[in-house]
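Coordinate analysis (summary)
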Amino acid sequence: MRHGKKFNHLGRKTAHRKAMLANMACSLIEHKRINTTEAKAKALRKFVEPLITKSKEDTTHNRRIVFSYLRNKYAVTELFKEISVKVGDRPGGYVRIIKLGNRQGDNAPMAMIELVDYNELYSPKGKKAKKSTRRGRRKKSAEAVVEEVAETTETVETPTEEKSEE
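To start, this report covers the structure provided alongside it. (Residues numbered from 1 in each chain as written. Predicted model: local features only at pLDDT ≥ 70, side-chain atom pairs only at ≥ 80, totals over all residues. Heavy atoms only, no water.)

Note that Ala22 resides in helix H1 (residues 14-31). Along the chain, Ala22 and Ser68 lie 46 residues apart, while their C-alpha atoms are 9.7 Å from each other. Beyond its immediate chain neighbours, meaning those up to four positions away, Ala22 contacts Phe47, Tyr69, Leu70 and Arg71. (Helix = DSSP H or I, 4+ residues; strand = E, 2+ residues; numbered from the N terminus. Contact = heavy atoms within 4.5 Å.)

This is the structure:
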């Protein structure tokens, strides 16, 4: 029975589990996206999100706390310099887990875990305006109006310049 067990032990002893999660967190911080099993991805999300929250406030105390978990000074530097700046206004939910299907060899469910702000496909800032699919009347967009005005001014200016040169 699993009474009172708050997290997945992943079939490992405590020291092995902590080392594995620290290494996976360093890889996630360095590469911004990694592939792993679903269980490890969910455990990694609980491990790394509080560290990203700590990195929003760059103090010596917070750096030492994060270093005690990660034990990699390059990952800590990357986290506090680049990642914390990018996620500064986000109130949580820094990582995304995308299920990939089952692994070929042992049929284990696989997932990709990534930092949310580093994927341009899903980010709202990278969205393009939707094109209208209606076939009825279309209003001219502001860009088309500006282009037409620019073309008419170019054609008007060209003859006046030729006359002034003669």
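Moving on: the packing of helix H3 (residues 60-70) against helix H4 (residues 73-86). At a minimum axis separation of 9 Å, H3 and H4 run at an interaxial angle of 135°. In terms of their interaxial angle, H3 and H4 are classed as oblique. Between H3 and H4 the crossing geometry is right-handed. Facing Asn62, Arg63, Val66, Phe67 and Leu70 of H3, the residues of H4 in contact are Lys73, Ala75, Val76, Thr77, Leu79 and Phe80. Here the contact of H3 with H4 is composed, by residue class, of seven nonpolar, two polar and two charged. (Axes fitted to C-alpha atoms, helices over the stretch in contact; angles between N-to-C directions. Parallel < 35°, antiparallel > 145°, perpendicular 65-115°, else oblique. Left-handed = near helix turned anticlockwise from the far one by under 90°. Nonpolar A, V, L, I, M, F, W, Y, C, P; charged D, E, K, R; others polar.)

Moving on to the pattern of salt bridges. Between side chains of opposite charge, pairing is possible as soon as their charged atoms come close. Inspection of every chain in the model, using the stated rule, returns six salt bridges. Here Lys32 ties to Glu78 by a salt bridge, and the two come within 2.6 Å at their closest N and O atoms. With a gap of 46 residues between them, Lys32 in the loop between H1 and strand E1 (33-37) and Glu78 in helix H4 connect regions that are remote in the sequence. Look at Glu78 and you get partly exposed, because its relative accessible area is 22%. With its nearest N and O atoms 3.0 Å apart, the salt bridge here joins Arg33 to Glu114. On the criterion of sequence distance, the pair formed by Arg33 in strand E1 and Glu114 in strand E3 (residues 109-115) is long-range, its members being 81 residues apart. When its relative accessible area of 40% is taken as the criterion, Arg33 is described as partly exposed. We classify Glu114 as buried; its relative accessible area is 0%. (Salt bridge = Lys/Arg side-chain N within 4 Å of Asp/Glu carboxyl O. Buried < 20%, exposed > 50% of the residue type's maximum accessible area, 1.4 Å probe, protein only.)

Most of E3 sits inside the fold, with six of its seven residues counted as buried. From the end of strand E2 (residues 95-102) to the start of E3, which pair antiparallel, there are six residues, and Asn107 there has a positive phi angle of about 65°. (Pairing = 2+ DSSP bridges.)

Nothing here speaks to function; it is all geometry.
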